Amino acid sequence: MNSVIDLNASVRSITGNIASRVDHDRENIAQVNEWSNGAIKLLTLLENQRRIESNRPTYSSPSLHDEKQY
């Protein structure tokens, strides 16, 4: 009878440990998702800024040789 009780206690301990780890893993997964989403947003923002800057026309003054002499 004691061996059944000891086995039952061991099984409860193991399943409790597994449940605790699953909850902890869920928290870790949620945190990884948050960080990933933040990183994706940051990369998207940087990529958009790069595109805006590359499409922005730049002004260059004409050189003296390009101007017509009157």
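Residues numbered from 1 in each chain as written. Predicted model: local features only at pLDDT ≥ 70, side-chain atom pairs only at ≥ 80, totals over all residues. Heavy atoms only, no water.

Caption draft 1: The arrangement of the pattern of salt bridges in detail. Under the criterion given, the structure shown has three salt bridges. Arg26 serves as the salt-bridge partner of Asp23, at 3.4 Å between the closest nitrogen and oxygen. Taken together, the residues span about one helical turn, with Asp23 and Arg26 both in helix H1 (residues 2-55) at a distance of three residues. What makes Asp23 partly exposed here is its relative accessible area of 41%. Residues Arg51 and Glu47 are paired through a salt bridge, measuring 3.4 Å at the closest nitrogen-oxygen approach. Here Arg51 and its partner Glu47 are both found in helix H1, four residues apart, which amounts to about one turn of the helix. Counted as one network, the salt bridges with shared partners bring together Glu47, Arg50 and Arg51. (Salt bridge = Lys/Arg side-chain N within 4 Å of Asp/Glu carboxyl O. Helix = DSSP H or I, 4+ residues; strand = E, 2+ residues; numbered from the N terminus. Buried < 20%, exposed > 50% of the residue type's maximum accessible area, 1.4 Å probe, protein only.)

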